[in-house]
Each structure stands twice: as structure tokens, then as C-alpha cells.
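# Analysis of the macromolecular model
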Amino acid sequence: MRIRATVAAVSGALALSALAVPAVQADEKPDAGLSVPSGAEVFGAEPGAPAAEARVDRTAEVPVIKKVVVNGGKDIVVGTKSKQKFTVAITASSSSGIADAFAYLWHGHIDEVDGFLGPTQEFGSCKVSADPTTSTCTVSITVDPRSDDLYTSSLAGTWNVAAGALAATGSDEDFIWTDAQAKTRVQRFSKLTVNASPEPVKKGKTLTVTGKLTRANWDTNTYKGYTNQPVKLQFKKKGATSYTTVKTVKTSSTGTLKTTVKASADGYWRYSFAGTSTTPAVSAAGDFVDVK
């Protein structure tokens, strides 16, 4: 298998593409059009020969991919500093069993790829199930927001998962590969604050509740306000076990929140954001207010 060199070449091309962007255009993504690895490259089949031609002289054993699970079925959430490691598990079967399976993530159009996240390991880690024809193989991918992995915030959202499997026939021509076997979401980490004042407050008096919704900006590796987003103001009375929604407030042009309510009882105030396709849901820690 020659996947390590292929992945390195793709990542390198992306990095060079990003570096080529003039400073005055740093907020723009580099030219798309990366060439991602094919199934033949991944599993080491004869270079330059299409799979159909390579299999003419024999009956190919083509595996079946039953399931692909990314990050345990959860969205991949990336901030501005910490590396995030996740796995892609490929379950496949073939009459001779499964020798290997592999996967990587890509963003854009298959003919105009502008984002690539791939493993550095050369082979998938495979475990045979109770049925010897079926195995689940896992690859690990690490995302570093400080590198060129996520060079612009426009990469947040839905990514494609390319995946394939190799039958245990001893031939590197007996594989299946799909450029878009599944989809997953890569999101920008979000933060939400709240502050209710004055504290304490007299019953029936006005309570002002402020806060701010921010999310990771991968262009600058900082947190920026998330504008014009609906956020719920919620209250949990002292001794209660759950919050109830009081009203919905929209964030300002800088992501700030501000509203007023009448103080009625001791309890906790918080803001809660439901999330979007690019940004995960988040709730602020409750701010306790003593009502006199």
C-alpha cells in the first residue's frame, strides 16, 4: 500500500496552495483542485491501469462496505489550538475475508477538492467479527487547527468520507472504493457566556441578562462573535431539575446578547444556543441570582 506517500503529497499540495495566497487575500481560500488518492493508489493496485482493465484476466472478488462510522457518529468539533483526534471505522465483508480498509475526509467537489483530512497510518487496524468474512477496520485522523488542515472557516460544515476495503485474496486488485461513501460534519467550537445583574435583586425589579456567543475562527485562530443567531434565555428555579425557556434573543453584530426580565424567584439564568450545521450547540453555565 502506498497511501502514506499519497496522503503526504495531497497535504503538501494543500499547504503550498495556502502559502501561495497573497497576504492581502489571507481571508480567501487557496485555489481548489487537489487530487485526492484513488482506490488503486490506496490499495497499491497496478499504477496507471483502471481497475476494470486490471481485472480482465480473472474474476474479481469485490468486497461490500456495510457501514462507515466517523467519530463514533458525532460531529467533529475543532477549536483554535487543541488537536482533535477521531477515528473512522469501516465495516466490510468479502467471501475471503477483509485484509484491509481505509478512509479519508475531503471537502468541496471531487473535481475541485479544497480540503483534505487523512490518516498518517499506512494500514487500517482490523478486527474480525464473529462472521470470518466480515471485519471492522479503523483509521485515526488528527486535526490541528494551527496547521493547514483547516486553513479557513469556510471549510466548516459537511465533508465527504471516501472509503474502501481490500479482500483477503492476496491480490491488491480485489478492492472496492467509493469517493463519497458517507458524510460527516466538521464544526467550529463554540462558547457562550451569561451574566445576570444586579445580584442580589429585589423581587419584581428588573434583571439585566447579558452574554456573548463566539466560535472558532480558523483563519485567525481566535474566537469571534457569531452574529444574528437566535439564542434562548432560560431559567431554572432553585431546587428545580431542568431549565425552561423564557424568551429568544438574537445576537448582535459582535455576538453579544442583552435582554431584561422581571425578577420573581431565586434561581439560575443561562443562555442556550441550538447550533447550526457549522457550529455546535452550547449552553452557558447557569448564573445564580438571589431574589430578596
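Calculation criteria
- Note that residues are indexed from 1 along each chain, following the sequence as it is written.
- Selection of residues for local features in this predicted model requires a pLDDT of at least 70, selection of side-chain atom pairs for listing and counting requires 80 or more, and totals for whole chains, interfaces and linings are taken over all residues.
- In computing side-chain values, all of the structure's heavy atoms are included and hydrogens and water are not.
- Note on pairing: DSSP must find at least two bridges between two strands before they are called paired.
- Secondary structure follows DSSP: runs of H or I at least 4 residues long count as helices, runs of E at least 2 residues long count as strands, and numbering of each begins at the N terminus.
- Axis definition: a line fitted to C-alpha atoms, over the contacting stretch in the case of helices. Angles run 0 to 180 degrees between N-to-C directions.
- The quantity known as pLDDT measures the predictor's confidence residue by residue, on a range of 0 to 100.
- By definition, residues are in contact when any of their heavy atoms lie within 4.5 Å.
- Each Phe, Tyr or Trp ring, with Trp reduced to its six-membered ring, pairs with another whose centre is within 6.5 Å; inter-plane angles below 30 degrees give stacked pairs, above 60 give edge-to-face pairs, and intermediate values give tilted ones.
- Burial status follows relative accessibility: with a 1.4 Å probe on protein chains alone, a residue under 20% of its type maximum counts as buried, one over 50% as exposed, and anything between as partly exposed.
- In protein, a polar contact requires one atom able to donate a hydrogen and another able to accept it; more generally it is a pair of N or O atoms within 3.5 Å, and residues adjacent in sequence count only if both atoms are side-chain atoms.
- Each reported salt bridge corresponds to a side-chain nitrogen of Lys or Arg within 4 Å of a carboxyl oxygen of Asp or Glu.

### Some points on the sheet that holds strand β6 (residues 125-128)
Across the sheet, four strands lie side by side as β1-β3-β7-β6; this open sheet has antiparallel pairing. On the outer flanks of this sheet lie β1 (64-70) and β6, each paired with one strand and no other. Shown here is a sheet whose adjacent strand axes are inclined to one another by a mean of 20°, direction ignored.

### Points about the confidence of the model for the chain
For the chain, per-residue confidence averages 88 on the pLDDT scale, and residues scoring 70 or more make up 84% of the total. With pLDDT under 50 throughout, residues 15-31 is counted as low confidence; its partners more than four residues away or in other chains account for 16 contacts. Predicted confidence is poor over residues 48-55, with pLDDT under 50, and the contacts of this stretch with residues over four places away or in other chains come to six contacts.

### Details of unusual backbone geometry
Omega for the bond connecting serine 197 with proline 198 falls within 30 degrees of zero, at 5°, which places this linkage in the cis form. Relative to the elements of secondary structure, proline 198 occurs in the loop between β10 (190-197) and β11 (206-217). Proline 200 follows glutamate 199 through a cis peptide bond whose omega is -5°. Mapped onto the fold, proline 200 is located in the loop between β10 and β11.

### Here's the deal with the packing of aromatic side chains
Per the stated rule, a full pass over the model turns up eight aromatic pairs. Between tyrosine 104 and phenylalanine 116, the ring centres sit 5.0 Å apart and the planes meet at 45°, which makes this aromatic pair tilted. Of the two residues, tyrosine 104 is situated in strand β4 (residues 98-109) and phenylalanine 116 in strand β5 (residues 112-117); the sequence distance between them amounts to 12 residues. In this structure, tyrosine 104 and phenylalanine 116 share a single accessibility class: buried.

### Comments concerning the sheet that holds β4
Read from one edge to the other, the open sheet built from five strands follows the order β2-β9-β8-β4-β5, with strand pairing classed as mixed. Only two strands of the sheet have a single neighbouring strand rather than two, namely β2 (76-78) and β5. Taken over all neighbouring pairs, the strand axes of this sheet differ in orientation by 40° on average, direction set aside. Here nine bridges tie strand β8 (residues 157-167) to strand β9 (residues 175-188), and the two strands are oriented antiparallel to one another.

### As for the side chain of threonine 214
Along the polypeptide, threonine 214 turns up in strand β11. Apart from the residues lying within four places of it in its own chain, the contact partners of threonine 214 are Phe189, Ser190, Lys191, Tyr223, Lys224, Gly225 and Tyr226.

### Brief notes about the environment of glutamine 181
Note on placement: glutamine 181 falls in strand β9. For glutamine 181, a relative accessible area of 30% puts it in the partly exposed group. The sequence separation of glutamine 181 and valine 161 amounts to 20 residues, and the corresponding C-alpha distance is 5.7 Å. In this structure glutamine 181 touches Ile65, Val68, Val161 and Ala163, once residues within four positions along its chain are discounted. One polar contact links glutamine 181 to threonine 178, side chain to side chain, over a distance of 3.3 Å.

### Details of the pattern of salt bridges
In this structure the tally under the stated criterion is three salt bridges. For the salt bridge of arginine 185 with aspartate 75, the shortest nitrogen-to-oxygen distance reads 3.0 Å. Residue arginine 185 is found in strand β9, and its partner aspartate 75 is found in the loop between β1 and β2; the two are separated by 110 residues along the sequence. Judged by its relative accessible area of 28%, aspartate 75 is partly exposed.

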